[in-house]
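# Structural characterization, general
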Amino acid sequence: MATINGEALWELDEETLNNGSCGFTGEAVFCNNKDSVAYTYDDLIMMPGHIDFGLGDVDISGNLTKNIKLQEPFVSSPMDTVTEAKMAIHMALMGGIGIIHSNFSMQDQAAEVLKVKKFKNGFITDPVCLSPQDTVADVLKIKEELGYSGIPITQDGQLGSKL
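Calculation criteria
- Residues numbered from 1 in each chain as written.
- Predicted model: local features only at pLDDT ≥ 70, side-chain atom pairs only at ≥ 80, totals over all residues.
- Heavy atoms only, no water.
- Axes fitted to C-alpha atoms, helices over the stretch in contact; angles between N-to-C directions.
- Helix = DSSP H or I, 4+ residues; strand = E, 2+ residues; numbered from the N terminus.
- Left-handed = near helix turned anticlockwise from the far one by under 90°.
- Contact = heavy atoms within 4.5 Å.
- Patch = residues over 30% accessible without salt bridge, like charges linked within 9 Å, V, L, I, M, F, W, Y side chains within 5 Å.
- Areas by Shrake-Rupley, 256 points an atom, 1.4 Å probe, with all protein chains shown as cover.
- Salt bridge = Lys/Arg side-chain N within 4 Å of Asp/Glu carboxyl O.
- Buried < 20%, exposed > 50% of the residue type's maximum accessible area, 1.4 Å probe, protein only.
- Polar contact = N/O pair within 3.5 Å; in protein donor to acceptor, adjacent residues only side chain to side chain.
- pLDDT = per-residue confidence, 0-100.
- Expected span 1.5 Å × (residues − 1).
- Arc of directions from axis to C-beta.

This paragraph deals with the packing of helix α3 (residues 85-93) against helix α4 (residues 106-118). The N-to-C vectors of α3 and α4 enclose an angle of 35°; their axes lie 9 Å apart at closest approach. Like other packed secondary-structure pairs, α3 and α4 cross with a definite hand, here right-handed. Contact residues: A85, A88 and I89 in α3; E112, K115 and V116 in α4.

As structure tokens, this is what we get:
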């Protein structure tokens, strides 16, 4: 029996080695899966091993659609408990994409998409303006709807008007 530092190593028979107890290659799990076995996160453990290529040679890009290729294919689920405007914005900031769920009415779904499109990495490119006659309640309503509270006050409440 083989030992390391006086500790006995497990001896594996041929059957144990062949049934995957010591692990399968990625190709065996994902490509040569003749029985179409489905795996969950808990079923797989990635073990470090030797690679014969540089990290710069790794390409994790993937197609979201025929015409949209993502360099970092991180996509949030289009579920009502997962992706609304806030998640889609944060996914975009991290290089991914958030798919707004379809449990909204068409108008609400379009409003969520508009919130994401208006967000430009901290800059508001098309701000909502208020006039001196508007109230703090108006600001709070805009904050709730659009997610920001830095609102310019202009003479007539229009963009391009005198501050």
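The next thing to look at is a nonpolar patch on the surface. On the surface, I51, F53, L55, V58, I60 and F74 cluster together into a nonpolar patch covering about 600 Å² of accessible area. Relative to the elements of secondary structure, I51 occurs in the loop between α2 (26-31) and β3 (62-63). What makes I51 partly exposed here is its relative accessible area of 41%.

Assignment of secondary structure puts K115 in helix α4. Here the side chain of K115 touches E145 through a polar contact of 2.8 Å, landing on its backbone oxygen. Apart from residues no more than four positions distant in its own chain, K115 is found in contact with A85, I89, E144, E145 and L146.

Of all residues in the protein chain, 81% attain a pLDDT of 70 or more, and the chain-wide mean is 80. The secondary structure element of the protein chain with the lowest average pLDDT is strand β1 (residues 3-4), at 56, and the one with the highest is α4, at 89.

A few words now on the pattern of salt bridges. Tallying each qualifying case throughout the model produces 1 salt bridge. For K115, the salt bridge goes to E112, with nearest N and O atoms at 2.9 Å. Here K115 pairs with E112, and both are found in helix α4, just 3 residues apart, close to one helical turn. Each member of the pair K115 and E112 is classed as buried.

The next point concerns α4. An ideal rise of 1.5 Å per residue puts 18 Å on 13 residues; α4 measures up with 18 Å between its terminal C-alpha atoms. Restricting attention to buried positions, one finds in α4 the residues E112, K115 and K118. End-on view of α4: buried residues confined to an arc of 130°, all on one side of the axis. Residues M106 and K117 are exposed on α4 and point more than 90 degrees away from its buried face.

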